Amino acid sequence: MTLLRRKDHDMPNAKLGLDDLVSRGKAGREVSKLMTVKVPTALLARLDALAAKLRVKKTEVVVAMLNEGLDTADTELKGWKPPPKIVIPKARRCTVSGCEREKVAHGLCPTHYQAQRRAQG
Ligand SMILES: [Zn+2]
């Protein structure tokens, strides 16, 4: 078995915001880690365009956007709680073991009912 270890890196401007990019502000260095994410192509093009416009690295734009987005989320979601998970009473649950969806036909949820119909041809 092979264990892949990612090295931590020292990153400049970890607290970067968009204003910092515009005003070329500098923040302290912080440890960073590599994060691989899939992004829609159109978003990448916009990211490239913004980085070129501000004459900064793409990474700096991404970090600035994340910092600002997370700050906004912290502010806007203050005191917010996710709605409680809806629990279907046992008597109304699908009869397939481990399935917690509501039964709709022949004691089965839509997914398992369809699966049974397909299996029967
Ligand atoms: Zn089911």
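Rules used in this analysis
Residues numbered from 1 in each chain as written. Predicted model: local features only at pLDDT ≥ 70, side-chain atom pairs only at ≥ 80, totals over all residues. Helix = DSSP H or I, 4+ residues; strand = E, 2+ residues; numbered from the N terminus. Contact = placed C-beta atoms within 7 Å. pLDDT = per-residue confidence, 0-100. Axes fitted to C-alpha atoms, helices over the stretch in contact; angles between N-to-C directions. Parallel < 35°, antiparallel > 145°, perpendicular 65-115°, else oblique. Nonpolar A, V, L, I, M, F, W, Y, C, P; charged D, E, K, R; others polar. Expected span 1.5 Å × (residues − 1). Buried ≥ 20, exposed ≤ 12 C-beta atoms within 10 Å, placed from the backbone.

**Structural notes on the overall build of the protein**
Here comes step 1: Within the protein, the regular secondary structure consists of four helices and two strands.
Here comes step 2: Secondary structure elements in the protein, listed N-terminal to C-terminal, are β-α-β-α-α-α.
Here comes step 3: Excluding contacts between residues fewer than 6 apart, the proportion of contacts in the protein whose partners are at least 24 apart in sequence is 29%.

**Let's talk about the confidence of the model for the protein**
Here comes step 1: Per-residue confidence for the protein gives a mean pLDDT of 86, with 87% of residues at or over 70.
Here comes step 2: The secondary structure element of the protein with the lowest average pLDDT is strand 1 (residues 9–11), at 70, and the one with the highest is helix 4 (residues 110–120), at 95.

**Examining the packing of helix 2 (residues 41–54) against helix 3 (residues 58–76)**
Here comes step 1: Two elements in contact, helix 2 and helix 3, have axes separated by 9 Å at closest approach and are oriented at 105°. Judged on the interaxial angle alone, helix 3 and helix 2 are roughly perpendicular. Each of L47, D48, L50 and A51 in helix 2 lies in contact with helix 3, whose residues at this interface are K58, V61 and V62.
Here comes step 2: Of the residues that constitute the contact of helix 2 with helix 3, the class distribution is five nonpolar, no polar and two charged.

**Considerations on helix 2**
Here comes step 1: Taking 1.5 Å per residue, 14 residues should reach 20 Å; helix 2 reaches 20 Å between its end C-alpha atoms and fits that length.
Here comes step 2: Across the 14 residues of helix 2, zero count as buried, placing the element largely on the outside.
Here comes step 3: In the stretch just after helix 2, R55 is the one whose phi turns positive, near 55°.

**A closer look at the environment of L34**
Here comes step 1: Of note, L34 is situated in the loop between strand 2 (30–32) and helix 2.
Here comes step 2: The exposed category is assigned to L34, around which 8 C-beta atoms lie within 10 Å.
Here comes step 3: On a C-alpha basis, the gap between L34 and D8 in space is 7.7 Å, while along the polypeptide they are 26 residues apart.

**Structural notes on the environment of A91**
Here comes step 1: Note that A91 resides in the loop between helix 3 and helix 4.
Here comes step 2: The exposure class of A91 is exposed, given the 6 C-beta atoms found within 10 Å.
Here comes step 3: A C-alpha to C-alpha distance of 9.1 Å links A91 and E102, two positions 11 residues apart in sequence.

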